[in-house]
Amino acid sequence: MKINTRNLPYEEVLKLPRLQHRDPRKPSRFLATVVRIASMPTLLKTKFTYTTERMEQVAKQPCLILMNHCSFTDMKLAYGIFYPRPFGIVTSVDAMSGFLGKLMRFLGCAPTHKYITDLSVIRDMEYMLKKNKTSVLMYPEAGYSFDGRATALPRKMGVLMKKLGVPVVTVITQGAFARDPLYNMLQIRDVKVSAHVKCIATAEEVREKTVAELDALLAESFSFDNFAWQRDNQISIDVPFRADGLHRILYKCPHCGTENEMEGKGIHLTCHACGKKWEMDEYGQLSACEGKTEYPHIPDWYTWQRQCVRKELEDGTYLLDTDVDIAVQVNLDGVCMIGQGHLTHDQNGFHLTGGEGKLNYQQSALASHTLYSDYYWYEIADVIGIGDNEFSYFCFPKTKTSVTKARLATEELYRMKKYNRKPIAAI
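All values reported here derive from a predicted model rather than from experimental measurement.

How each quantity is defined
- Residues numbered from 1 in each chain as written.
- Predicted model: local features only at pLDDT ≥ 70, side-chain atom pairs only at ≥ 80, totals over all residues.
- Heavy atoms only, no water.
- Patch = residues over 30% accessible without salt bridge, like charges linked within 9 Å, V, L, I, M, F, W, Y side chains within 5 Å.
- Areas by Shrake-Rupley, 256 points an atom, 1.4 Å probe, with all protein chains shown as cover.
- Salt bridge = Lys/Arg side-chain N within 4 Å of Asp/Glu carboxyl O.
- Helix = DSSP H or I, 4+ residues; strand = E, 2+ residues; numbered from the N terminus.
- Buried < 20%, exposed > 50% of the residue type's maximum accessible area, 1.4 Å probe, protein only.
- pLDDT = per-residue confidence, 0-100.
- Contact = heavy atoms within 4.5 Å.
- Arc of directions from axis to C-beta.
- Axes fitted to C-alpha atoms, helices over the stretch in contact; angles between N-to-C directions.
- Parallel < 35°, antiparallel > 145°, perpendicular 65-115°, else oblique.
- Left-handed = near helix turned anticlockwise from the far one by under 90°.
- Nonpolar A, V, L, I, M, F, W, Y, C, P; charged D, E, K, R; others polar.
- Pairing = 2+ DSSP bridges.
- Polar contact = N/O pair within 3.5 Å; in protein donor to acceptor, adjacent residues only side chain to side chain.

Regarding a nonpolar patch on the surface
Line of reasoning, step 1. On the surface, a nonpolar cluster with roughly 480 Å² of combined accessible area is contributed by Met1, Phe72, Phe99, Leu100 and Leu103.
Line of reasoning, step 2. Along the chain, Leu103 turns up in helix H4 (residues 98–106).

Observations concerning the pattern of salt bridges
Line of reasoning, step 1. Under the defined criterion, the tally for this structure stands at 21 salt bridges.
Line of reasoning, step 2. A salt bridge links Lys311 to Asp315; the shortest N-O distance between them is 2.7 Å. Here Lys311 and its partner Asp315 are both found in helix H11 (residues 298–315), four residues apart, which amounts to about one turn of the helix.
Line of reasoning, step 3. Looking at Asp315, the relative accessible area reads 47%, which means it is partly exposed.
Line of reasoning, step 4. Salt bridges linked by common partners bring Arg306, Arg310, Glu314, Glu411, Glu412 and Arg415 together as one network.

A short note on the confidence of the model for the protein
Line of reasoning, step 1. Per-chain confidence: the protein averages 93 in pLDDT, with 98% of residues scoring 70 or above.
Line of reasoning, step 2. Long-range and interchain partners of residues 422–427, a stretch whose pLDDT sits below 50, account for 15 contacts in this model, where long-range means more than four residues apart.

Examining helix H6 (residues 157–164)
Line of reasoning, step 1. Of the residues making up H6, those classed as buried are Met157, Gly158, Leu160, Met161 and Leu164. Buried residues of H6, seen end-on, are gathered within an arc of 155° and therefore sit on one face of the element.
Line of reasoning, step 2. Where the residues of H6 are buried, they touch strand S3 (64–67), helix H5 (119–131), strand S6 (135–138), strand S7 (168–174), helix H8 (203–208) and helix H9 (211–221).
Line of reasoning, step 3. Backbone geometry just after H6 places Gly165 at a positive phi near 65°.

Things to note about the packing of H5 against H6
Line of reasoning, step 1. Two numbers describe how H5 lies on H6: the axes approach to 10 Å, and their chain directions differ by 40°. In terms of axis orientation, H5 runs oblique to H6. For the crossing formed where H5 meets H6, the hand is right-handed. In this structure, H5 uses Ile122, Met125, Glu126, Leu129 and Lys130 to contact H6, whose residues at the interface are Leu160, Lys163 and Leu164.
Line of reasoning, step 2. For the contact of H5 with H6, a count of residues per class yields five nonpolar, no polar and three charged.

A few points about the sheet that holds strand S12 (residues 286–288)
Line of reasoning, step 1. Sheet architecture is open: four strands sit in the order S9-S10-S11-S12, paired in antiparallel fashion. Each edge of the open sheet is held by one strand with a lone partner, namely strand S9 (262–265) and S12. Sheet twist, expressed as the average angle between the axes of neighbouring strands with direction ignored, equals 25°.
Line of reasoning, step 2. Sheet analysis places S9 next to strand S10 (residues 268–271), joined by four bridges and oriented antiparallel. Bridge pairing in S10 places Lys265 opposite His268.

With respect to the sheet that holds strand S5 (residues 110–112)
Hydrogen bonds along the backbone pair up the strands of a sheet, which may run parallel or antiparallel.
Line of reasoning, step 1. Pairing is mixed across the open sheet formed by seven strands, whose spatial order is S2-S8-S7-S3-S6-S4-S5. A single partner strand is all that each edge strand has here, and the edge strands are strand S2 (49–53) and S5. Taken pair by pair, the neighbouring strands of this sheet meet at an average axis angle of 25°, ignoring direction.
Line of reasoning, step 2. Bridging between S7 and strand S8 (residues 194–201) involves seven bridges; their strand directions are antiparallel. Each bridged residue has a counterpart across the sheet, and for Val171 the counterpart in S8 is Val197.

Comments concerning the packing of H11 against helix H12 (residues 403–418)
Packed helices, taken two at a time, are described by the angle their axes make and the gap between the axes.
Line of reasoning, step 1. Remark: H11 packs on H12, axes separated minimally by 9 Å, with the N-to-C direction vectors making an angle of 60°. For the element pair H11 / H12, the angle class is oblique. Judged by the sense of rotation from one axis to the other, the crossing of H11 with H12 is right-handed. Residue-level contacts link Tyr302, Gln305, Arg306, Val309, Arg310, Glu312, Leu313 and Glu314 of H11 to Thr404, Lys405, Arg407, Leu408, Ala409, Glu411, Glu412, Leu413, Arg415 and Met416 of H12.
Line of reasoning, step 2. Among the residues forming the contact of H11 with H12, the class breakdown is seven nonpolar, two polar and nine charged.

Some words on the side chain of Asn184
Line of reasoning, step 1. Looking at where Asn184 falls in the secondary structure, it is placed in the loop between helix H7 (176–179) and S8.
Line of reasoning, step 2. Of the residues examined, Asn184 reaches a relative accessible area of 0% and is grouped as buried.
Line of reasoning, step 3. Polar contacts involving the side chain of Asn184 include one to the main-chain carbonyl oxygen of Asp244, which spans 2.8 Å.
Line of reasoning, step 4. Leave out the neighbours within four places in its chain, and Asn184 touches Arg189, Phe241, Arg242, Ala243 and Asp244.

Things to note about the pairing of strand S11 (residues 277–280)
Line of reasoning, step 1. The alternating pattern of S11 places Trp278 and Met280 on a buried face, while none of Lys277 and Glu279, on the opposite face, is buried.
Line of reasoning, step 2. Where S10 and S11 come together, three bridges link them in antiparallel fashion. If you follow Leu269 over to S11, its bridge partner there is Trp278.
Line of reasoning, step 3. With antiparallel pairing between neighbouring strands as the criterion, S10 and S11 make up a hairpin whose turn holds five residues, including Gly275 at a positive phi of roughly 90°.
Line of reasoning, step 4. Note that S11 and S12 share three bridges and pair antiparallel. Across the sheet, Glu279 pairs through a bridge with Ser287, a residue of S12.
Line of reasoning, step 5. In textbook terms, the turn of a hairpin is the stretch between consecutive antiparallel strands, and for S11 and S12 this stretch comprises five residues, one of which, Gly284, has a positive phi near 80°.

So, in structure tokens, the structure goes:
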């Protein structure tokens, strides 16, 4: 999938019309049917099945559907599960750019900025549920999973559930991540996909339960580990490219401690600083070709990296400092490439400059609980996305920089400042 791009000086970007709010449309039954038919080849190829739990409690009521986010396949799976039930989708502004965005409007989609406080999207969700009488599909993680576990969820989702006052349904997939993990450069693997669909709270239960209790229900549903699922169920992915791009997740060598010298290629992950090499087996586990295997389970390696970032933050040594290419989005016509700039990230948050001195944007460490970072974003490059409700800035590092580390640092820095140094879980 690609996005419309054009080269434009920053001063011209400032003159572009801004995104104007529009009430969500009632989903077109015809277009939903077209999407359902278009999804059939993927549903058949993945032998997609799903199970349900307590869904008789929902019947035909409009509900809030919270689905985990692994790949672009997720939307096809949603239509495989819920069609012909009408539902709208909370969608990022970049995903609704261009002609596709116009079609998505007719599907009942509502655009929003990722990881930014956006009260208008809450009003849009209420409009879809109460006025349009349709369900609302939302990916609470907003971004794709990096390591096969849930991306950090927004705090107090229970507040949103109580405000909407409708049944809450979760959809957790198995196999979707293994089929198309984000790090693997859009290389599809042959994996069966399934899902579990559960009503975690009826409208009455939403009213009765506390915010903390609703948050706990959601956290329980989103406590998955796709690499553990693959290992425990002996799901064989015996493709010769299974480790391609794995360094995007595992950017730091646990043997020598060097960052950004890892390379995932074929079935191996190699540190070019010390020469140590690991092999990724067909069940998604790692083993050192020589010597000790520090972390056979990829999420454990990822957690260790998080702990290392946390220590840098506590010691005051963490710093991201890199030249970047910058794309800016102000409406749904696509993104504008404005040339080079410079991005830093430290204890105070992000600072982006560029546009021949006309762009000077700062984002505090408390602005968001996580970071919009992505691999091979719209087939351009790895990206760090920051911004507000008016401007989205997409930064493509021009040096060896891990967008994964930037996300980890954002999450840990937010936690340190917001919740008074709450410790992270040990592995």
